[in-house]
Amino acid sequence: MRVLIVKTSSMGDVLHTLPALTDAMRVIPNLRFDWVVEEGFAQIPTWHSAVDRVIPVAIRRWRKSWFSAETRRERAQFKQQLREHQYDAVIDAQGLLKSALLVTRLARGKKHGLDSSSARELLASIFYNYRHRIARQQHAVERIRELFAASLNYRKPSERGDYGIAQHFLAAPSEDAGRYLVFLHATTRDEKHWPESHWLALIASLQPSGLRIKLPWGTEHEHQRAQRLAADFPHVDVLPRLSLQQVAAVLAGAQAVVSVDTGLSHLTAALDRTNITIYGPTDPGLIGGYGLNQVVEQSENHHMSAISADAVRQKLSELVDLQPLDATSLHTSVQSALP
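Residues numbered from 1 in each chain as written. Predicted model: local features only at pLDDT ≥ 70, side-chain atom pairs only at ≥ 80, totals over all residues. Heavy atoms only, no water.

1. Structural notes on the layout of surface pockets
Then comes step 1: In this structure, the largest pocket occupies an estimated 1400 Å³ of space.
Then comes step 2: Residue lining of the largest pocket: 50 residues in total, with Ser10, Met11, Gly12, Asp13 and Gly263 positioned closest to the centre.
Then comes step 3: At the level of elements, helix H1 (11-27), helix H3 (59-62), helix H6 (140-152), helix H9 (244-253), helix H10 (263-270) and helix H11 (284-287) are the ones that each hand at least two residues to the lining of the largest pocket.
Then comes step 4: Looking at the lining of the largest pocket residue by residue, the class counts come to 17 nonpolar, 19 polar and 14 charged. (1 Å grid on protein atoms, 1.4 Å probe; cavity = no way out; pocket = protein on both sides within 12 Å on 5 of 7 lines; lining within 4 Å. Points joined across faces, edges and corners; volume = space filled by probe spheres on them. Helix = DSSP H or I, 4+ residues; strand = E, 2+ residues; numbered from the N terminus. Nonpolar A, V, L, I, M, F, W, Y, C, P; charged D, E, K, R; others polar.)

2. Looking at the sheet that holds strand E4 (residues 89-92)
Then comes step 1: Spatially, E3-E2-E1-E4-E5-E6 is the arrangement adopted by the six strands of the open sheet, whose pairing is parallel. The sheet is open, and its two edges are formed by strand E3 (51-57) and strand E6 (130-132), each paired on a single side. Strand-to-strand twist of the sheet, defined as the mean angle between neighbouring strand axes without regard to direction, takes the value 20 degrees.
Then comes step 2: Alignment of strand E1 (residues 2-6) against strand E2 (residues 32-38), held across five bridges, turns out to be parallel. Note that in E2 the partner of Arg2 across the bridge is Arg32.
Then comes step 3: Relative to the sheet, helix H5 (residues 97-104) contacts E1, E2, E3, E4 and strand E5 (111-114), its axis offset from that of E4 by approximately 155 degrees.
Then comes step 4: Across the face of the sheet, H6 comes into contact with E1, E2, E4, E5 and E6 while running at roughly 155 degrees to E4. (Pairing = 2+ DSSP bridges. Axes fitted to C-alpha atoms, helices over the stretch in contact; angles between N-to-C directions. Contact = heavy atoms within 4.5 Å.)

3. Section: the nonpolar core
Then comes step 1: Ranked by size, the top nonpolar core spans 54 residues in total, and within it Phe33, Ile44, Phe148, Leu152 and Leu267 carry the most contacts.
Then comes step 2: Ranked by the residues each element gives to this core, the list is headed by H1, at seven residues.
Then comes step 3: Filtering out sequence-adjacent residues up to four positions away, Leu267 remains in contact with Leu15, Trp47, Leu244, Ala248 and Leu251.
Then comes step 4: In this structure, Leu211, Ala230, Val260 and Ile278 belong to the second largest nonpolar core, which totals 28 residues. (Core = buried A, V, L, I, M, F, W, Y, C linked by side-chain atoms within 4.5 Å. Buried < 20%, exposed > 50% of the residue type's maximum accessible area, 1.4 Å probe, protein only.)

In C-alpha cells, the structure reads:
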C-alpha cells in the first residue's frame, strides 16, 4: 500500500505528523509513504523508516516570483513528480486551501482530509473525496493520528504516539556526549522570547557544574544574540551554522535542553530528549512539546519575563546533576574551554 502525505510546514507541524506514520506502519503490512513537504524541512521525513520518497515543494519561495521562468519550470517538475504514482490514499494533513489547491487536487488517488468543521480553512474540504471530523480540542499530534486512522481504516492506538526517529540518531557517542546542555534561545515571535538577562543569569548559575552549554542559531540576528550570551562565559559554545540534520544530532547527544516555544523544541521532543520549554503567550496543551521527558514552565500572566532564571534552574536541577565540581576539576574544565 502506498500513501501520499501532504504536510508542508511548519517544522513543528511536520514533526507532529510522524507519530501517525508509526501507528499506521505497525498495523498495515507493507505500507510505504511519499511525503510532500516544504524544501526547508525536507530532511525530516527521511528520518522515518516508513517514508520512501520526499517530494519537496517551495510554495513560500515560489510566491515571491510565481510567474518567473525558473518558478514555472520548478512547478512543472514538481507536478510531474507528484503524478508519478497512483496512490491508494492521499492524506492532506495540512488542511489549508493552498495545500488542497496546489497539491492534493493534482495527486492521483482518493483524497482524504478534515471536514469543514475540523479544517483550519473550511474551503479546503471541498477537494477531498473523504472528509473526516476530528475534534479540535486535543493536541495536534493526536488530531493527526486520528486523521490517519480514519483515512486508512484502523483504530488509533491508545498509547502515547511514537515519533519513530530517535533511533535514526543513535550512533557511537561523541567525546562530549551527555556532558552538555543545549539552550534554544531563538523563536519567530518577539513575545515568545525569554529575556537575554534571564538567559545570562541561568548561564552564570550553571558555570560551577562543569557542564558545557551549546547555542545553535539560524539567522544572523540569532547568531548575534548567541554571541552576546556567550561573550563572558568560557563554558558556552556558539555553534557554527548547521543543517537541520546536524542540529538534530547535537540535540540527540545533549543531557538536557532548555528552550522557548520554537520548532527546534518540537524536534527535541521528537528525539525523546529531556527538555524544559518556557511558555508565555502560547498554550502548550494543544501545540506544546509532545513526547517523553517534556517539562513545561509556563508563565501565569503569559509574559515570558515573569519566569525567572532561578525557576528554570530549579526545574533543571531535578532532571540533571548540577552539583558543583571540586575546585581542581572546575579549574581543568574552565581551562580546557579557553582558546
